[in-house]
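# Summary of structural features
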Amino acid sequence: MGTAERSKKKVLLYKKAIVHFLLCFVMGFFTGFAPTGKSSIFSTSPPVLLSNRSAFSPAQPGELLLEERTEESGKFNRKLDESEGENSSKEEEKEEDLIPRRLIILVTPTRMNDRLREVNLRRLSNTLRLVPPPFLWVVVEQKSDSSEVSEILRKTGIMYRHLVFRENFTDPEVEMDHQRNLALNHIEHHRLSGIVHFAGLSNVYDLQFFDEIRAIEVFGTWPMAIVSANGKKVIIEGPVCDSSEVVGWHLRKMNNLTETKSSPVHISSFAFNSSVLWDPERWGRLSSVQGTTQNTIKFVKKEVLEEETKLIGIPPEGCSKIMLWNVQIAPGTTPNST
Amino acid sequence: MKLSALHQSYLSRRANSFRASSSPLDPSSLDGGLKSIFWLVLHGLCCLVSLLLGFRFSRVVFFLLFSPSSTPPTALLHSTSPFRPASLPVQSLNTTVATPSSRVVVGRHGILIRPWPHPDPVEVMKAHRIIDRVQREQRVQYGVKTPRPVIAVTPTYVRTFQTLHLTGVMHSLMNVPYDLTWIVVEAGGTTNETAWLVARSGLRVVHVGFEEEMPVSWDDRHRLEARMRLRALRVVRELKLEGIVMFADDSNMHSMELFDEIQKVKWVGAVSVGILVHSGDPEEESSVAQKDDVENSPMPVQGPSCNSSDQLVGWHTFNSLPYEGKGAKSVGDVATVLPRKLEWAGFVLNSRLLWKENEGDKPEWVKDLDTVGGDAEDIETPLSLLKDPSVVEPLGSCGRKILLWWLRVEARADSKFPARWIIDTPMEVTVPSKRTPWPDAPPELPSNETTITTEENREKPGTKTRPRKSKRSSRSKKKRESSVVDTQVSARNSGEQ
Amino acid sequence: MKDWRWAFLGLVCFGLVLRIGAVERGRGQPTERISGSAGDVLEDDPVGRLKVFVYELPSKYNKKILQKDPRCLTHMFAAEIFMHRFLLSSPVRTLNPAEADWFYTPVYSTCDLTPNGLPLPFKSPRMMRSAIQLISSNWPYWNRTEGADHFFIVPHDFGACFHYLEEKAIERRILTLLQRATLVQTFGQKNHVCLKDGSITIPPYAPPQKMEAHLIPPHIPRSIFVYFRGLFYDVGNDPEGGYYARGARAAVWENFKDNPLFDISTEHPTTYYEDMQRAIFCLCPLGWAPWSPRLVEAVIFGCIPVIIADDIVLPFADAIPWEDIGVFVDEKDVPNLDTILTSIPPEVILRKQRLLANPSMKQAMLFPQPAQSGDAFHQILNGLARKLPHDKSVYLKAGEKVLNWTAGPVADLKPW
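Let me sum up the structure you'll find in this document. Note that the coordinates shown come from a computational prediction; the quantities given were computed from them, not determined experimentally.

Cut-offs and rules
- Residues numbered from 1 in each chain as written.
- Chains lettered and ligands numbered in written order.
- Predicted model: local features only at pLDDT ≥ 70, side-chain atom pairs only at ≥ 80, totals over all residues.
- Heavy atoms only, no water.
- Pairing = 2+ DSSP bridges.
- Helix = DSSP H or I, 4+ residues; strand = E, 2+ residues; numbered from the N terminus.
- Axes fitted to C-alpha atoms, helices over the stretch in contact; angles between N-to-C directions.
- Contact = heavy atoms within 4.5 Å.
- Patch = residues over 30% accessible without salt bridge, like charges linked within 9 Å, V, L, I, M, F, W, Y side chains within 5 Å.
- Areas by Shrake-Rupley, 256 points an atom, 1.4 Å probe, with all protein chains shown as cover.
- Salt bridge = Lys/Arg side-chain N within 4 Å of Asp/Glu carboxyl O.
- Buried area = accessible area lost by both parts, 1.4 Å probe.
- Polar contact = N/O pair within 3.5 Å; in protein donor to acceptor, adjacent residues only side chain to side chain.
- Nonpolar A, V, L, I, M, F, W, Y, C, P; charged D, E, K, R; others polar.
- Buried < 20%, exposed > 50% of the residue type's maximum accessible area, 1.4 Å probe, protein only.
- Arc of directions from axis to C-beta.
- Core = buried A, V, L, I, M, F, W, Y, C linked by side-chain atoms within 4.5 Å.
- Disulfide = S-S within 2.5 Å.

### Focus on the sheet that holds strand 14 (residues 402–406) of chain B
As summarised here, the arrangement of the five strands in space is 7-14-9-10-11 (chain B), forming an open sheet in which the pairing is mixed. Edge positions in the sheet fall to strand 7 (252–254) and strand 11 (312–316) of chain B, since each has one partner strand and no second. Direction aside, neighbouring strands of the sheet carry axes that sit 30° apart on average. Relative to strand 10 (residues 301–306) of chain B, strand 9 (residues 272–275) of chain B runs antiparallel, the two sharing two bridges. When the bridges of strand 10 of chain B are listed, Gly-274 of chain B appears paired with Val-301 of chain B. Of the strands in this sheet, strand 7 and strand 14 of chain B touch helix 5 (residues 117–128) of chain A, which is tilted by about 70° from strand 7 of chain B.

So, in structure tokens, the structure goes:
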């Protein structure tokens with residue numbers, strides 16, 4: 001077919017080509033070992049029949065069906081389908097509804113032998129029902145045979161997570177902290193991002209409160225009023241502010257000196273960004289909560305006081321408005337009728 | 001399948017190339033430039049094909065190498081979850097076998113994790129709108145079909161607990177999915193404090209003033225409140241409001257089901273009220289041990305009593321006998337505040353009963369509003385409006401379901417609170433720098449002062465004393481002078497507003 | 001040449017028009033269903049449309065096995081037992097095999113439980129073979145068609161392949177002796193060797209009484225956007241992830257654990273059934289097999305099933321408009337689940353909910369005791385009735401043999 005020179009040239013050319021092919025082959029070979037799910041691209045079988053699927057499809061444009069055949073998956077691309085519908089309905093939507101707000105996560109521990117638990121739960125839920133979304137209510141309860149709490153919660157229509165624990169406690173304060181820790185662990189485990197606030201069942205809220213705490217970046221605190229039945233005093237707890245800067249604290253009734261030093265902040269008078277729990281780097285801390293201690297609530301309380309530069313007063317105008325009350329009612333004593 | 005096709009095309013291409021290459025190499029044929037481009041393309045194609053082949057081959061090798069070892073390595077590992085959909089206890093490891101007949105690959109897949117952050121806040125709002133839409137639809141589908149308007153009557157007066165109680169009732173009413181009018185009757189005349197509070201509800205509010213001041217004695221209070229409610233009923237008559245009249249006292253807590261339940265009433269209905277009594281001693285809260293015995297006693301209930309065939313046979317009334325002599329006489333007594341035998345809150349009325357004109361369907365057994373409620377007369381319950389109490393329709397599964405609760409909690413009559421709950425930090429009370437930042441003296445609300453004294457812990461000693469602060473202190477001084485020592489309605493500092 | 005091209009183009013256009021027409025019709029139809037039922041098919045009464053002859057087998061093939069382990073009555077595959085009981089007292093049953101349209105062989109092939117309660121079908125092939133040998137030698141009907149007018153209930157994961165591992169099941173393929181029979185199975189994956197053409201896919205067994213006991217009134221507001229309870233990783237059997245559920249469940253967790261709208265967890269609350277009833281979407285991702293009892297639960301509890309299982313064949317797909325009541329998400333689209341779900345127009349969601357509220361749809365998912373009209377038993381019979389009359393080709397010529405009785409793994413050939 002050709003001269004010796006030509007064949008020599010050809011041999012050289014083939015050698016080069018074969019080396020290239022081999023290289024590519026080896027490359028392909030190793031890519032094959034890479035553990036990906038995408039490898040299925042090369043093992044597709046003929047596209048699946050679409051007809052039985054599309055028979056029930058409510059809003060599938062005809063053209064789309066033809067497109068689907070060329071789809072790698074050979075299946076409906078739902079996204080295309082849905083975005084179509086979205087465009088048409090978008091015009092009707094009031095855009096102001098879609099202004100994003102920050103998530104509020106409310107943590108409410110409940111005590112089993114709290115006589116007012118169910119009633120207070122209903123009253124609080126009536127308030128929380130009015131809080132604009134996004135809003136998540138984490139209610140913690142000790143496991144029991146009674147489904148009352150879940151029934152009350154179910155009827156509220158509020159988005160909630162109902163956490164149940166088994167442990168028994170004798171000290172109600174320890175129990176409350178355990179419940180709060182449980183809720184915080186849930187938030188941490190799920191990496192839920194929002195403003196966390198501990199709402200006791202006996203708290204009463206002004207709705208404005210929930211708008212204000214959404215403004216919190218890291219930590220926020222506010223004054224709250226503690227009122228008691230037949231009491232003469234209204235006790236104000238919380239920060240004293242210069243505009244939104246916290247310059248001091250209202251002091252609570254501290255007869256007990258040991259208690260005095262522990263924490264001047266009532267559990268319900270502060271809120272914090274939940275990412276403090278699971279994203280320590282973001283807030284310039286070295287370790288996560290899990291690393292330091294299992295007692296998350298203790299950690300949070302400590303942080304509130306230590307991180308005063310990140311602590312803002314709520315509402316920002318001098319935090320002088322009370323939007324949260326805590327009602328202290330002694331349990332009813334039914335005199336023995338004998 | 002696809003692979004073999006590829007392979008074939010590859011082979012044929014090779015064959016082609018062979019043939020094609022022979023002719024361009026002929027000196028008499030096309031020029032070199034075109035030739036080299038063609039070669040390059042061909043070369044690239046072949047490289048690609050060999051890449052694919054290599055990939056494919058590796059899969060085969062992978063399979064051959066690892067699948068023999070994949071025979072059940074961990075026999076009968078029982079999964080702990082109750083939720084395993086399929087009861088496959090064992091799996092083989094690391095096999096990626098392409099099932100020839102299914103498009104879906106059997107074997108390990110990548111776990112797809114998207115790189116962008118989430119959730120998208122706009123999508124969250126969209127989802128909430130969907131939830132809202134679904135809930136509204138549920139109400140349309142399964143709720144009351146032709147709801148009647150609701151007229152809520154609330155007697156109130158300005159005091160420490162007013163904001164709390166009224167806010168609670170207000171939030172309940174704000175959740176009512178029906179057309180609602182709220183008649184607020186205020187003892188001592190309308191005040192800005194109350195008006196400001198109820199205005200924020202966004203509800204249709206009729207704010208009525210009542211000339212008399214709220215007395216301190218509980219008995220007197222009940223009487224006055226009854227007359228205030230009658231005043232509200234006259235408003236209903238005057239404005240000829242259509243709907244269901246309910247008595248939402250600010251000492252009530254409501255289950256939202258109540259508002260659906262009262263839609264069933266024809267003329268007069270009664271629901272059960274759970275009575276929550278409290279000892280009235282604020283100090284008791286601190287001791288926990290004594291709570292067990294409380295748990296055992298059932299909550300007292302007021303309301304209609306039915307027989308087994310759901311006929312109204314009588315009333316559960318509050319038994320105050322055990323409390324004889326122990327009940328609170330006046331506001332602030334450290335004793336249990338007791339309800340009346342039957343509270344107004346347990347009754348609902350069709351507003352047509354109150355209208356002046358006889359619309360034809362107004363029943364005979366109702367007294368005219370003008371004939372009842374004279375100054376001396378004590379209207380204990382709405383039953384006084386009826387000539388025949390047996391016409392009352394028991395609601396809430398014939399009274400078996402408790403849909404609202406009564407809990408009367410008040411601070412002492414002389415307790416003070418900051419006006420509109422805005423703290424005016426009294427700067428004249430300063431913490432001397434020598435003192436410990438956490439003094440053990442409790443900051444209290446002095447009874448002769450209208451503001452709450454607070455002590456300030458100065459984190460930064462020697463902070464700026466601003467002119468603003470001195471202005472404030474002078475203001476609070478003024479306040480102190482103006483406030484009266486023993487008024488029951490205190491802290492609305494009229495001097496300031 | 002040119003003419004041909006034009007003709008082809010015309011054909012394509014025609015096809016397109018037809019397609020659109022079909023879609024339009026499909027769109028119009030369901031609106032009728034909302035007011036009435038989920039389609040006439042679901043309310044068909046099988047009585048009078050078919051006759052079933054139930055072979056009488058020694059109790060070692062069924063009752064004895066159940067006696068050994070009563071747990072079979074509550075697990076996901078209990079349909080095989082209840083179907084047998086149902087047929088025995090059903091009016092479609094005939095005692096005269098000569099007039100039967102279908103023959104049923106009551107073998108409880110998934111009732112051989114491990115001590116842990118897992119149904120591992122190791123002995124099932126031999127048991128099935130033994131049963132078929134018995135009926136073919138005692139009655140003439142099997143040999144007439146070699147099983148083409150017989151149906152078998154094989155509810156296990158990979159159905160009639162009789163292995164719990166997918167690879168092994170694929171290797172084994174459908175038991176040779178069952179290759180001409182009609183199979184009633186839970187397993188449903190398109191183009192899978194273990195899913196025979198013409199099989200009837202049924203829902204897994206979910207306890208009807210228990211579910212009914214947890215029903216809550218329909219006005220309870222639905223306040224969960226997306227709900228899921230179950231495993232994301234099967235750490236015991238798939239420590240690295242990606243194998244179990246083809247990685248789809250793991251992807252759900254990794255992408256949406258931090259989304260407050262996604263109420264997802266591995267913990268099983270006591271309010272599981274109630275929570276489903278207050279959720280708008282219920283995730284039904286594949287597990288080891290494409291289906292899970294969640295499908296049934298979602299339909300019963302009116303929660304829109306979000307089906308994440310590529311190529312799944314859904315139960316009674318010819319009678320239940322799954323496309324209308326559910327949302328299908330490709331496994332590869334799991335990371336976009338939130339976008340997909342939030343961009344469904346509310347009207348579409350409400351329509352799906354209205355369809356789900358249809359009682360006949362719920363009925364078709366359940367195996368109640370005693371049977372009720374329109375339940376899953378009846379749907380199976382309806383499915384069988386729709387296959388009638390049998391094609392002439394099912395009947396073999398005298399002496400003709402199609403099935404190879406000695407095919408398959410040697411272990412399967414051992415006597416049972």
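### Observations concerning a nonpolar patch on the surface
A cluster of nonpolar side chains, namely Ile-37, Val-41 and Leu-45 of chain B, defines an oily patch on the protein surface of about 260 Å² accessible area. For Leu-45 of chain B, the location among the structural elements is in helix 2 (residues 32–66).

### A word on the interface of chain C and chain B
The interface of chain C with chain B comprises 82 residues on the first partner and 52 residues on the second. Taking both partners together, chain C and chain B bury about 5700 Å²; carbon and sulfur atoms supply 62% of that area. On the chain C side of the contact with chain B, Asn-237, Tyr-243 and Leu-350 of chain C bury the most area, a combined 11% of that side's loss. Of the charged contacts, one joins Asp-338 of chain C and Arg-114 of chain B as a salt bridge, the two residues approaching to 2.7 Å between their closest N and O atoms. Put simply, chain C and chain B have 12 residue pairs in polar contact (both at pLDDT 80 or more) between them. Within the residue set of the side of chain C that touches chain B, elements represented by two or more residues are helix 6 (166–172), strand 7 (224–229), helix 8 (248–256), helix 12 (337–342) and helix 13 (346–356) of chain C. Taken together, the residues that form the side of chain C that touches chain B break down as 37 nonpolar, 23 polar and 22 charged.

### Structural notes on helix 5 (residues 192–199) of chain B
Residues and elements named next belong to chain B. Those residues of helix 5 not exposed but buried are Glu-193, Thr-194, Leu-197 and Val-198. Down the axis of helix 5, the buried set is contained in an arc of 115°. They therefore lie on one face. Residues of helix 5 that are exposed and point over 90 degrees away from its buried face: Asn-192 and Ala-199. Buried positions along helix 5 lie against strand 3 (150–156), helix 4 (162–175), strand 4 (180–187) and strand 5 (204–210).

### A look at the pattern of salt bridges
This model, assessed by the stated rule, comprises 39 salt bridges over all chains. Measuring nitrogen to oxygen at the nearest pair gives 3.3 Å for the salt bridge that ties Arg-108 of chain B to Asp-238 of chain C. Here Arg-108 of chain B is found in the loop between strand 2 (106–107) and helix 3 (121–142), whereas its partner Asp-238 of chain C is found in the loop between strand 7 and helix 8 on a different chain. Assigned by exposure class, Arg-108 of chain B and Asp-238 of chain C land together as buried. Linked through salt bridges whose partners overlap, the residues forming this network are Glu-225, Arg-229, Asp-249 and Arg-408 of chain B.

### Section: the sheet that holds strand 4 of chain B
All names here are of chain B. Here seven strands make up an open sheet; going across it, the order is 5-4-3-6-12-8-13 and the pairing mixed. In this open sheet, the two edge strands, each paired with only one partner strand, are strand 5 and strand 13 (393–394). Pairing of strand 6 (residues 244–247) with strand 12 (residues 347–350) involves three bridges; the strand directions are antiparallel. Bridge pairing in strand 12 places Met-246 opposite Val-348. Along the sheet, helix 5 contacts strand 3, strand 4 and strand 5; its crossing angle with strand 4, the most-contacted strand, is approximately 165°.

### Thoughts on the nonpolar core
Of all hydrophobic cores here, the largest spans 173 residues; its most connected members are Val-52, Leu-87, Leu-178, Phe-225, Phe-281, Trp-322 and Leu-337 of chain C. Not counting chain neighbours up to four residues away, the residues in contact with Phe-281 of chain C comprise Phe-225, Val-226, Tyr-227, Cys-303, Ile-304, Val-306, Val-327, Leu-341, Ile-344 and Ile-349 of chain C. Counting 39 residues, the second largest nonpolar core, distinct from the first, contains Leu-166, Met-170, Val-198 and Trp-406 of chain B.

### A look at the state of the cysteines
Residues and elements named next belong to chain C. One pass over the full model with this rule turns up five disulfides over all chains. With its sulfur 2.0 Å from that of its partner, Cys-72 forms a disulfide with Cys-111. The sign of the S-S torsion, about 105°, decides the handedness of the disulfide formed by Cys-72 and Cys-111: right-handed. Of this pair, Cys-72 sits in the loop between helix 2 (63–68) and helix 3 (79–88) while Cys-111 sits in the loop between strand 3 (102–104) and helix 4 (124–138), and the two are 39 residues apart along the sequence. No difference in accessibility class separates Cys-72 from Cys-111, as the two residues are buried. A sulfur-sulfur separation of 2.1 Å characterises the disulfide bridge that pairs Cys-282 with Cys-303. As the torsion about the S-S bond is roughly 105°, the Cys-282-Cys-303 disulfide counts as right-handed. With Cys-282 in strand 9 (residues 279–285) and Cys-303 in the loop between helix 10 (294–300) and strand 10 (304–308), the pair connects residues that are 21 residues apart, well separated along the chain. Side by side, Cys-282 and Cys-303 carry an identical accessibility label, which is buried. Its sulfur unpaired, Cys-284 is 6.6 Å from the next cysteine sulfur, which belongs to Cys-282. The class for Cys-284 is buried, based on a relative accessible area of 2%.

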